[in-house]
Amino acid sequence: MIIKVCGMREPENIRAVEQLSIQWMGFIFWPQSSRYVKERPAYLPTKCKRVGVFVDATITDIRTSVEEYGLDCIQLHGHESPAFIQSIGHDVPIIKAFSIATTADLTLTTSYEGVADYFLFDTKAKLVGGNGTKFDWSVLQAYHGTTPFFLSGGIGPDDVKHIRQFHHPQLAGIDLNSRFETSPALKNITKLKHFIYELQQNQ
């Protein structure tokens, strides 16, 4: 299972989280986010994939960030259409995020099959990501697509048991963010380390 820690920004915090043997690390390039990466951090990870998170950004801005930050993956969290994603090109994998509350929300994924490399299912809320609240994961049993997905939205230190009990053939990984923070973009290393250790036991 891929473990992705998102909303990173502070150099020493990035370095510490990287040492926890996570696979992917997310950086948010949306100016309205409290975790917005305005300029290149003094340190970027080399032992895990770098994911750039964008919300209705232009293709030029996305490509510029891919080049400047050495991004290994693009995550689109806005209203990007399948045609828009195709126009980006597939130099790096693309994750398309969807806000989920009911099974009806899953119908939006159909037109993105074969376009995005991964989906990310997050909680439908006023904010775009980082809300710290869960949706009803049982809704995802109605997802019968072939695109692998990340489970996101309010996953916290006490959710190891819930993740272990959740089964779906297309589950690729989990996305961790706000519930492991001491402040926006600053992760609690002790909580993350304990969570990852517990999750990886008996896998």
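Remember, predicted model here, so these are calculated numbers, not experimental data.

Parameters at a glance
- Residues numbered from 1 in each chain as written.
- Predicted model: local features only at pLDDT ≥ 70, side-chain atom pairs only at ≥ 80, totals over all residues.
- Heavy atoms only, no water.
- Salt bridge = Lys/Arg side-chain N within 4 Å of Asp/Glu carboxyl O.
- Buried < 20%, exposed > 50% of the residue type's maximum accessible area, 1.4 Å probe, protein only.
- Helix = DSSP H or I, 4+ residues; strand = E, 2+ residues; numbered from the N terminus.
- Pairing = 2+ DSSP bridges.
- Axes fitted to C-alpha atoms, helices over the stretch in contact; angles between N-to-C directions.
- Expected span 1.5 Å × (residues − 1).
- Arc of directions from axis to C-beta.
- Contact = heavy atoms within 4.5 Å.
- Polar contact = N/O pair within 3.5 Å; in protein donor to acceptor, adjacent residues only side chain to side chain.

A. Focus on the pattern of salt bridges. Scanning the model with the defined rule gives nine salt bridges in all. Between E10 and R9 there is a salt bridge, with its nearest N and O atoms 3.1 Å apart. Overall, the relative accessible area of 32% leaves E10 in the partly exposed class. On the basis of relative accessible area, R9 is assigned to the partly exposed category, the value being 24%. A salt bridge links K134 to D159, with the nearest nitrogen and oxygen atoms 2.8 Å apart. With K134 in the loop between β6 (118–123) and β7 (149–151) and D159 in the loop between β7 and α4 (160–165), this pair connects stretches of sequence that are 25 residues apart. A relative accessible area of 35% places K134 in the partly exposed class.

B. Looking closely at the sheet that holds strand β3 (residues 49–54). Spatially, the eight strands close up into a barrel ordered β1-β2-β3-β4-β5-β6-β7-β8, and their pairing is parallel. Pairs of neighbouring strands in the sheet enclose a mean axial angle of 30°, with direction left out of account. Examined bridge by bridge, strand β1 (residues 2–5) and strand β2 (residues 24–28) share two bridges and lie parallel to one another. Residue pairing in the sheet places V5 in a bridge with M25 of β2.

C. Examining helix α5 (residues 189–200) more closely. Spanning 12 residues, α5 covers 16 Å between terminal C-alpha atoms, matching the ideal 16 Å at 1.5 Å per step. Listed as buried for α5 are L192, F195, I196 and L199. Along the axis of α5, the buried residues cluster in a sector spanning 95°; they form a single face. Turned more than 90 degrees off the buried face of α5, the exposed positions are T190 and K193. Among the structural elements, β1, α1 (11–18), α4, β8 (171–176) and β10 (186–187) are those in contact with the buried residues of α5. One side-chain oxygen at the N-terminal end of α5 lies 3.1 Å from the backbone nitrogen of T190; it belongs to N188.

D. Fine view of unusual backbone geometry. The phi dihedral of D56 falls on the positive side, at around 50°, and the residue is not glycine. Note on placement: D56 falls in the loop between β3 and α2 (59–69). Even without being a glycine, A185 presents a positive backbone phi close to 75°. Assessed through its relative accessible area of 0%, A185 is described here as buried.

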